[in-house]
Amino acid sequence: MKVLVIGSGGREHALVWKLKKSKKVDKIFCAPGNAGMGKLAKCVNLKVENTKALVDFALRNKIGLTVVGPEVPLAKGIVNEFQRKKLKIFGPTKAAAQLESSKVFSKEFMRKHHIPTAPFKTFTMFAEAVGFCNSAQFPLVIKADGLAAGKGVIIVKNIEEATKALDDIMLSKVFGDAGTQVLIESFIVGQEVSIMAIADGKTIIPLLPSQDHKQAYEGDKGPNTGGMGAYCPTDFVTKDVMTQIMDHVLMPTIHGMAQDGIPFKGVLYAGMMLTEAGPKVLEYNARFGDPETQAVLPLLKTDLAELMLASINQTLGAFPKLNWQQGSSACITIASKGYPGRYKKGMPIKGLHDFKEENCFVFHAGTALKDRKWVTNGGRVLGITGIDKNLRLALNRAYKGVERIKFNGVMYRKDIGFRVLKPTKGKV
Ligand SMILES: Nc1ncnc2c1ncn2[C@@H]1O[C@H](COP(=O)(O)OP(=O)(O)O)[C@@H](O)[C@H]1O
Ligand SMILES: [Mg+2]
């Protein structure tokens, strides 16, 4: 079978890498892909938003499975267009992808189906939103309704900050139409974890839980980024917590969507806050997380192509139990100095051509080949995943890999996994 992966980041490299191991898969295309996956997939120069060209490509090349990485094409309805041409595509329809593409939709869905989440109100009028904040208790969380590339959520500590955030979103429209509606939520505290699960509209199978590190600098300081590292599994999600998440979040979500006439297929990613009052949903994503995917997939032994086809064919109910490698994984993001603000591109990268480290994998995100030499080409440049018996050893392996990579302005966090690791007492 021929496979098409849509997207160009570290997540897509990990998807390509894992799909390549499938007995079912002969050839992989990636649109537009990146130079780092060149040995595994043929990169096709098509934009992720160019649905028509992607459909034509899939038809012409007899693609047996298409996998969508990022949220934007899902929100635009790429799955509907592929389905119209009887092409097999893994992911939710436009309507189902609203769980991610509209925060108002997802919060109202959760309220209707009694899925635990922070209390909230929605507003379309600036004055009403400010009026609400005037009599509310801070901190509050203000969220633009639509997709905002991870920038549409602002935590505010007082009325001045709240007014500024609401002004930016609702009047100045810094996120465009994404800010036509806003949510104002109570601030909740706890450990944040990522639960990705595969759904077929009726059945949902969770993958191992992971934890991302969003802030740019050590100790969770600095601006939010696309993700500076992740590890898997996370001890914060005990068996009991996972059962609660399954019973109170994942199953009610899948059943609720089916009941509402918009069955959800693909990856349901629940961003969870583990609060004292139990796990609560912060948000849903309708696709694989980045960099969580680069941490989770290296531990999965089950054939990913078969799992995705079972989602498409609605046969997950009969799918064998997922098979996982024992132990842990850790993925460290190597970024360019300045990221997530301004950074330089085109810095020559040393250590990639001859990279060799056992149980350590390199996933490219922002790299390019220039005169057959690797150079940086983005904010997040590489993700290095190590796997081993436990988290500490997996981290050691990943950081050994990271230290082999050198370029001008290398930036990475040295404390991935810090929230769960206890202080070392002697040796590991
Ligand atoms: N109700 C809340 N209480 C506390 N923190 C929150 C709340 N909602 C969101 N956050 C924080 O803001 C981040 C971004 O919010 P999220 O809803 O995940 O939006 P997005 O990922 O689309 O930007 C979360 O990862 C979390 O750290
Ligand atoms: Mg989020």
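Residues numbered from 1 in each chain as written. Chains lettered and ligands numbered in written order. Predicted model: local features only at pLDDT ≥ 70, side-chain atom pairs only at ≥ 80, totals over all residues. Heavy atoms only, no water.

**Details of the overall build of the chain**
As a reminder, the rule being used: Numbering goes from the N terminus for both helices and strands, where a helix is a DSSP run of H or I of at least four residues and a strand is a run of E of at least two. We take the radius of gyration over the C-alpha atoms and set the globule estimate at 2.2 Å times the residue count to the 0.38 power. Under the scheme applied here, a residue whose accessible area is under 20% of the maximum for its type counts as buried, over 50% as exposed, and between as partly exposed, the area being computed with a 1.4 Å probe on protein chains only. Residues are treated as being in contact if the distance between any of their heavy atoms lies within 4.5 Å. Just so you know, the count uses Lys and Arg for positive and Asp and Glu for negative, and it drops His and the chain ends. The atoms used to mark charge sites are NZ of Lys, CZ of Arg, CG of Asp and CD of Glu.
Looking only at helices and strands, one finds 12 helices and 23 strands in the chain. Taken against the 2.2 N^0.38 rule, which gives 22 Å for 428 residues, the C-alpha radius of gyration of the chain at 21 Å falls within 12% of a compact globule. Counting only residues that meet the buried cut, the chain has 55% of its 428 residues in that class. Sequence-distant contacts, at least 24 apart, represent 68% of the contacts inside the chain between residues at least 6 apart. Each charge class in the chain was averaged separately, 61 positive and 38 negative side chains, and the resulting centres sit 7 Å apart.

**Concerning the pairing of strand 1 (residues 2-7)**
Rules: Pairing between strands is defined by DSSP: at least two bridges between the two strands are required. The handedness rule is simple: strands pointing away from the viewer, and a clockwise path from the first strand over the helix to the second, make the crossover right-handed.
Of all six residues making up strand 1, five are buried, and the element is well covered by its neighbours. Looking at chain direction, strand 1 and strand 4 (residues 63-68) are connected through five bridges and run parallel. Residue pairing for strand 4: Ile6 is matched across the bridge by Val68. As paired elements, strand 1 and strand 2 (residues 27-32) share six bridges and run parallel to each other. Bridge pairing in strand 2 links Leu4 to Phe29. Regarding topology, helix 1 (residues 10-20) serves as the crossover connection from strand 1 to the parallel strand 2, and that connection is right-handed.

**Some details on the site of ligand 1**
Stated precisely, the cut-off is as follows: Proximity is defined per residue: any heavy atom of the residue falling within 4 Å of a molecule or strand makes that residue near it. Between N or O atoms, a polar contact is any pair within 3.5 Å; within protein, one atom must be a potential hydrogen donor and the other a potential acceptor, and residues adjacent in sequence are included only when both atoms are from side chains. We get accessible surface area from the Shrake-Rupley algorithm with a probe of 1.4 Å; when it comes to residues, only the shown protein chains can shield them. As a working rule, the residues Ala, Val, Leu, Ile, Met, Phe, Trp, Tyr, Cys and Pro are called nonpolar, Asp, Glu, Lys and Arg charged, and the rest polar, with Gly in that last group. An automatic or database domain assignment supplies the start and end points of every domain.
Neighbouring residues of ligand 1: 15 residues in total, closest Lys103, Lys143, Glu185, Glu192 and Glu283. One of the side-chain nitrogen or oxygen atoms of Glu192 is found 2.5 Å away from an oxygen atom of ligand 1. Within the side chain of Glu283, a nitrogen or oxygen atom sits 2.9 Å from an oxygen atom of ligand 1. Protein contact buries 85% of the 540 Å² of open area that ligand 1 shows by itself. Broken down by secondary-structure element, the contributors of at least two residues to the shell around ligand 1 are strand 7 (140-144), strand 9 (182-186) and strand 17 (278-285). Tallied by class, residues from the shell around ligand 1 come to seven nonpolar, two polar and six charged. Taken domain by domain, the makeup of the shell around ligand 1 includes at least three residues from each of domain 2 (125-180) and domain 3 (191-318).

**Describing the sheet that holds strand 5 (residues 89-90)**
In plain terms, the rule: Comment: axis = line fitted to C-alpha atoms, over the contacting stretch for helices; angle = value between 0 and 180 degrees taken between N-to-C directions.
Spatial strand order, 3-2-1-4-5: five strands in an open sheet with parallel pairing. Looking at which strands have only one partner, the edges of the open sheet turn out to be strand 3 (42-43) and strand 5. Contacts between helix 1 and the sheet are confined to strand 1, strand 2 and strand 4, with strand 1 contributing the most and set at about 165 degrees to the helix.

**A closer look at the nonpolar core**
Put simply, the test is: Among buried residues, those of type Ala, Val, Leu, Ile, Met, Phe, Trp, Tyr and Cys that are joined through side-chain atoms within 4.5 Å constitute a nonpolar core.
Residues Ile78, Ile195, Leu250 and Phe264 are the most contacted members of the largest nonpolar core, which totals 49 residues. Both domains that meet at this core, namely domain 1 (2-90) and domain 3 (191-318), each give it at least three residues. Apart from residues lying up to four places away in sequence, Ile195 is in contact with Pro209, Val237, Met242, Ile245, Leu250, Leu268, Tyr269, Ala270 and Met272. Ranked by size, the runner-up nonpolar core spans 44 residues in total, among them Ala14, Val16, Val25 and Ala230.

**Focus on the domain arrangement of the chain**
The line we're drawing: Buried area counts how much accessible surface, traced with a 1.4 Å probe, disappears from two parts once they are put together, with both parts' losses summed. The working definition used for a salt bridge is a side-chain nitrogen of Lys or Arg within 4 Å of a carboxyl oxygen of Asp or Glu.
Taken as a whole, the chain is organised into domain 1 (2-90), domain 2 (125-180), domain 3 (191-318) and domain 4 (328-411). Centre-to-centre separation of domain 1 and domain 3, based on C-alpha positions: 21 Å. Taken together, the contacts link 21 residues of domain 1 with 24 residues of domain 3. When domain 1 packs against domain 3, close to 1800 Å² is buried across both sides, 72% of that on carbon and sulfur atoms. Per-residue buried area on domain 1 facing domain 3 is highest for Arg11, Lys18 and Phe90; these three make up 38% of the total on that side. Seen at the junction of domain 1 and domain 3, the total is two salt bridges. A salt bridge links Arg287 to Glu71, with the nearest nitrogen and oxygen atoms 3.4 Å apart. Among the elements of the structure, helix 1, strand 4, helix 3 (71-76) and strand 5 are those that each provide at least two residues to the side of domain 1 that touches domain 3. No other element matches helix 1, which puts seven residues into the side of domain 1 that touches domain 3.

**Thoughts on unusual backbone geometry**
With an omega dihedral of -5 degrees, the bond running from Ala31 to Pro32 counts as a cis peptide bond. Within the secondary structure layout, Pro32 lies in strand 2. Residue Pro139 follows Phe138 across a cis peptide bond; omega there is -5 degrees. Relative to the helices and strands, Pro139 resides in the loop between helix 7 (126-134) and strand 7. In the Ramachandran plot, Lys62 falls in the positive-phi region, its phi being about 50 degrees despite a non-glycine side chain. Along the polypeptide, Lys62 turns up in the loop between helix 2 (51-60) and strand 4.

**Points about a nonpolar patch on the surface**
Threshold: Put simply, a patch holds well-exposed residues, over 30% relative accessible area, that have no salt bridge, with like charges counted together within 9 Å and Val, Leu, Ile, Met, Phe, Trp or Tyr side chains within 5 Å.
Together, Val153, Ile155, Phe187 and Val189 give the surface a local cluster of nonpolar side chains, amounting to about 350 Å² of exposed area. When you line up the elements, Phe187 lands in the loop between strand 9 and strand 10 (191-200). Of the residues examined, Phe187 reaches a relative accessible area of 37% and is grouped as partly exposed.

**Thoughts on the state of the cysteines**
Applied cut-off: We call a pair of cysteine sulfur atoms a disulfide when they lie within 2.5 Å.
Evaluated as defined, the whole model comprises zero disulfides. The thiol of Cys43 is unpaired, and the distance to the nearest cysteine sulfur, on Cys30, comes to 5.9 Å.

**Re the packing of helix 7 against helix 8 (residues 159-171)**
Basically, it comes down to this: Angle categories: roughly parallel below 35 degrees, roughly antiparallel above 145, roughly perpendicular from 65 to 115, and oblique for all the rest. Helix crossings get a hand from a simple test, with the near helix turned counterclockwise from the far one by less than a right angle marking a left-handed crossing and a clockwise turn marking a right-handed one.
Close contact between helix 7 and helix 8 brings their axes to 10 Å; oriented N to C, the two are set at 160 degrees. When the interaxial angle is binned, helix 7 and helix 8 end up roughly antiparallel. Crossing geometry of helix 7 relative to helix 8 is assigned as right-handed. Listed contacts from helix 8 to Phe126, Ala129, Val130, Cys133 and Asn134 of helix 7 are Ile159, Ala162, Thr163, Leu166, Asp167, Met170 and Leu171. Its residues assigned to classes, the contact of helix 7 with helix 8 shows nine nonpolar, two polar and one charged.

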